[in-house]
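The residues making up each chain are set out below.
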Amino acid sequence: MLLRDAALDLLLGSACVGCGEPGRLLCAGCAAGLPAAAVPARPDPCPPGLVDCWAAGDYDAVLRALVLGHKERGLHALRVPLRGLLLVALGPALAGLGGPGGTGGLVLVPVPSRASTVRARGHDPTWTMTRGAAAAAARCGLPVSAARLLRLRPGVLDQAGLDTAARAANLTGSMTCPSPGLRRLAATHPRAQVVVCDDVVTTGSTLREAQRALEAVGVGVAGAAVVAATRRRRPSGGGPG
C-alpha cells in the first residue's frame, strides 16, 4: 500500500500539504514537527456531561491541512500520519490499559458519516483513520480494536457553517446504535472500554451525541479522542459561543 502511494505521488507530482515542498504529501520536516503528546480538548462552552476529550493538537497549520487533504481532496496516503495523530490523542486511554479495570482493552468507535457524504467522497475518512489507529496499536501488542457501532438517522445536515446552537439542534437524537453491533461487542469485548473518535472537535455536539447514543443502549464511554481541536472562546459578554 505504501509503495503504491509513493508511486502515485511520483506520477502525479505531489507536494507536501504542510509547506508545499515538491515530493511526498507530508515532507520529513513537517512530519518531524507533528505533535507527540495528547492535550486536553474541552470545548468552551462544553456540552453538559461530555466525557474527557483529548487531541493531538490545534486545528490549524499542518494538522488542518492533513485533515482536509484526506477528507476533502481524497489524498489517501495521509491516512498514515492521521492514524498516528489519533494514536497520540489516544495516549491517556492507552496508558490506562494496564490499570485497574483496563484488562478488557479499548474499542474505538468512530463518529458516523452521512451515507451521501461517503458516496460523494468515495471513502469514509473517519472510519479509515480509526480502524488504522486500532490496527497500529494492535500490532504493538495492545488490546485495541475498532467497531462501527453508530449510525446516523436520516435528515442530519452537514455541520459546516452551523453555529453552536444549530449544531446541537441538528445532532440531537441523530445517532443510533443498532443491536447487531451491540451483540458483537458483548460477545467479543465484554469488558472493553469504549472511546469515541473523530477528526476534529469544534463545539463538542457531535461527540456528545455519539456518547448519548452509546449510553442509551448501556455502553459506557470512557472518553473521546480527536486529531485536532478548534480554538473556541466565549464572546466578550461571557455567553455561549
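### Re the environment of C53
Stage number 1. By the secondary structure assignment, C53 is in strand β2 (residues 53–58).
Stage number 2. A relative accessible area of 4% means that C53 is categorised as buried.
Stage number 3. Along the sequence, C53 and P40 sit 13 residues apart, while their C-alpha atoms lie 6.1 Å from each other.
Stage number 4. Setting aside chain neighbours within four positions, we find C53 in contact with V39, P40, A41, V201, L207, A224 and V226.

### Brief notes about the sheet that holds strand β4 (residues 144–146)
Stage number 1. A sheet is described by the order of its strands in space; here six strands give the open sequence β1-β2-β8-β7-β3-β4, paired in mixed fashion. Two strands in the sheet have a free side with no partner beyond their single neighbour: β1 (39–40) and β4.
Stage number 2. One ladder, built from three bridges, connects strand β3 (residues 106–110) with β4; its direction is parallel. Looking at β4, one finds that V107 is bridged to S145.
Stage number 3. Against the sheet, helix α7 (residues 125–139) contacts β3, β4, β7 (193–201) and β8 (221–229), and its axis sits at roughly 160° relative to β4.

### Let's talk about the side chain of D199
Stage number 1. In this fold, D199 is placed in strand β7.
Stage number 2. Beyond its immediate stretch of four places on either side in the chain, D199 contacts V67, K71, M129, V226, V227 and A228.

### Some details on the confidence of the model for the protein
Stage number 1. Per-residue confidence for the protein gives a mean pLDDT of 84; residues scoring 70 or more make up 80%.
Stage number 2. Note on residues 233–241: pLDDT is under 50 here. Beyond four places in sequence and across chains, it has eleven contacts.

Reading the values: the criteria
Residues numbered from 1 in each chain as written. Predicted model: local features only at pLDDT ≥ 70, side-chain atom pairs only at ≥ 80, totals over all residues. Heavy atoms only, no water. Helix = DSSP H or I, 4+ residues; strand = E, 2+ residues; numbered from the N terminus. Buried < 20%, exposed > 50% of the residue type's maximum accessible area, 1.4 Å probe, protein only. Contact = heavy atoms within 4.5 Å. Pairing = 2+ DSSP bridges. Axes fitted to C-alpha atoms, helices over the stretch in contact; angles between N-to-C directions. pLDDT = per-residue confidence, 0-100.

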